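Here is what each chain is made of, one letter per residue.
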Amino acid sequence: MSVLPLVFTSGWASGINAYAVVLLLGIFGATGISDEVPASLQRTDVLVVAGALFLCEAVADKIPYVDSFWDSVHTVIRPLAGAVVAALLAGESGSLPELAAGAVGGSTALMSHLVKAGTRMAVNTSPEPFSNIAVSTAEDLGVAGIITFAIFHPLAAAIIAATLLVLGIVILAFLASRIRRFLRRRAQRREEKRLAGTGSHWPPG
């Protein structure tokens with residue numbers, strides 16, 4: 001069977017939590033649950049680093065505004081991780097050219113990352129932190145569930161991932177006003193900090 005469904009699903013999941021994808025695939029490969037996982041993802045050092053970064057993301061992703069900063073930092077990291085994982089999966093399978101797999105995984109990861117980052121901006125317009133925790137936990141569980149499902153039922157998992165991606169884009173369109181509000185608030189805070197810094201340099205009267 002072509003590895004394309006697993007490539008697409010791993011790309012979608014990488015855009016949400018790339019470290020969880022690497023960690024889960026590595027564990028599935030190292031424990032013999034799946035033969036589709038390349039040896040490079042099963043290495044102990046890769047698993048340790050992915051696990052440590054996953055824990056960092058699990059904390060940062062649940063703190064209001066810190067999560068959006070974390071997302072901005074990972075705008076390059078998540079699509080790159082999605083492309084690398086996809087290329088490695090294709091290389092292990094041999095049923096799909098690695099360059100094509102990397103393009104599919106990277107572009108899918110970028111789209112799901114943008115949906116995640118935009119949704120989180122909208123959530124951050126709420127003053128309480130509980131919505132951030134709930135959304136982040138749902139994302140973590142969703143990534144874990146769909147990657148696990150993809151190991152056994154790759155085509156069905158890819159269909160679910162595609163549906164969630166389209167649904168996320170539609171929801172993002174409805175949240176556009178809240179996202180603009182978040183961006184205005186962030187710009188206002190930056191301006192206030194700049195003015196405060198400028199004022200501190202004035203000599204006392």
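The preceding data block contains the structure.
Residues numbered from 1 in each chain as written. Predicted model: local features only at pLDDT ≥ 70, side-chain atom pairs only at ≥ 80, totals over all residues. Heavy atoms only, no water.

Draft legend 1. Broad picture of the overall build of the chain. Scanning the chain for helices and strands turns up 7 helices and 0 strands. For the chain, the sequential pattern of α-helices and β-strands runs α-α-α-α-α-α-α. Referenced to the eigenvectors of the C-alpha coordinate spread, the extents of the chain come out at roughly 75 × 35 × 30 Å. Across the 205 residues that make up the chain, the buried fraction comes to 43%. (Helix = DSSP H or I, 4+ residues; strand = E, 2+ residues; numbered from the N terminus. Buried < 20%, exposed > 50% of the residue type's maximum accessible area, 1.4 Å probe, protein only.)

Draft legend 2. Local environment of the packing of helix 4 (residues 98-123) against helix 6 (residues 154-174). At a minimum axis distance of 10 Å, the contact between helix 4 and helix 6 shows a crossing angle of 40°. The element helix 4 and its partner helix 6 pack so that their crossing is left-handed. Taken together, the residues of helix 6 that come into contact with helix 4 (itself represented by Thr 108, Met 111, Ser 112, Leu 114, Val 115, Gly 118 and Thr 119) are Leu 165, Gly 168, Ile 169 and Leu 172. Counted by class, the contact of helix 4 with helix 6 contains 6 nonpolar, 5 polar and no charged residues. (Axes fitted to C-alpha atoms, helices over the stretch in contact; angles between N-to-C directions. Left-handed = near helix turned anticlockwise from the far one by under 90°. Contact = heavy atoms within 4.5 Å. Nonpolar A, V, L, I, M, F, W, Y, C, P; charged D, E, K, R; others polar.)

Draft legend 3. Fine view of the side chain of Ser 68. Structurally, Ser 68 is set in helix 3 (residues 66-93). A residue is classified by how much of its surface remains accessible, and Ser 68, at 5% relative accessible area, is buried. Not counting the four nearest positions on each side in its chain, Ser 68 is found in contact with Arg 120, Met 121, Asn 124 and Phe 182.

Draft legend 4. Summary view of the environment of Leu 195. Position of Leu 195 among the secondary structure elements: in helix 7 (residues 176-199). Assessed through its relative accessible area of 47%, Leu 195 is described here as partly exposed. Residues Leu 195 and Val 73, 122 residues apart in the sequence, show an inter-C-alpha distance of 25 Å.

Draft legend 5. Spatial organisation of unusual backbone geometry. Phi at Tyr 65 takes a positive value of approximately 70°, unusual for a residue other than glycine. Judged by its relative accessible area of 27%, Tyr 65 falls in the partly exposed class.

Draft legend 6. Region of the structure containing the packing of helix 1 (residues 4-30) against helix 6. Packing of helix 1 against helix 6 brings their axes to within 8 Å, and their N-to-C directions diverge by 40°. Considered as vectors, helix 1 and helix 6 are oriented oblique to each other. Crossing geometry of helix 1 relative to helix 6 is assigned as left-handed. Contacts between helix 1 and helix 6 involve Pro 5, Leu 6, Phe 8, Thr 9 and Trp 12 from the first element and Pro 154, Leu 155, Ala 157, Ala 158, Ala 161, Ala 162, Leu 164 and Leu 165 from the second. Residue composition of the contact of helix 1 with helix 6, by class: 12 nonpolar, 1 polar and no charged. (Parallel < 35°, antiparallel > 145°, perpendicular 65-115°, else oblique.)

Draft legend 7. Quick peek at a nonpolar patch on the surface. Where nonpolar side chains cluster on the molecular surface, the patch consists of Phe 149, Ile 160, Leu 164, Leu 167 and Ile 171 and spans about 400 Å² of accessible area. Top element by residues in the nonpolar patch is helix 6. It accounts for 4 residues. You can see Ile 171 is positioned in helix 6. Ile 171 sits in the partly exposed class, given a relative accessible area of 39%. (Patch = residues over 30% accessible without salt bridge, like charges linked within 9 Å, V, L, I, M, F, W, Y side chains within 5 Å. Areas by Shrake-Rupley, 256 points an atom, 1.4 Å probe, with all protein chains shown as cover. Salt bridge = Lys/Arg side-chain N within 4 Å of Asp/Glu carboxyl O.)

Draft legend 8. Representation of the pattern of salt bridges within the structure. With the rule as written, the count across this model stands at 9 salt bridges. For Arg 120, the salt bridge identified is with Asp 61, shortest N-O distance 3.1 Å. In this pair, Arg 120 sits in helix 4 while Asp 61 sits in the loop between helix 2 (44-60) and helix 3, placing the two residues 59 residues apart along the sequence. Comparing Arg 120 with Asp 61, the two get one shared label, buried. The salt bridge partner of Asp 71 is Arg 78, with a shortest N-O separation of 2.8 Å. Arg 78 carries the same exposure label as Asp 71, and that label is buried. Each member of the salt-bridge network shares a partner with another, and the members are Asp 61, Asp 67, Lys 116, Arg 120 and Glu 139.

Draft legend 9. Seen up close, helix 3. Counted at 1.5 Å a residue, the expected span for helix 3 with its 28 residues is 40 Å, and the 38 Å between its end C-alpha atoms agrees. At His 74, helix 3 shows its maximal kink, close to 55°. (Expected span 1.5 Å × (residues − 1). Bend = angle between axes of the 7 residues up to and from the residue.)

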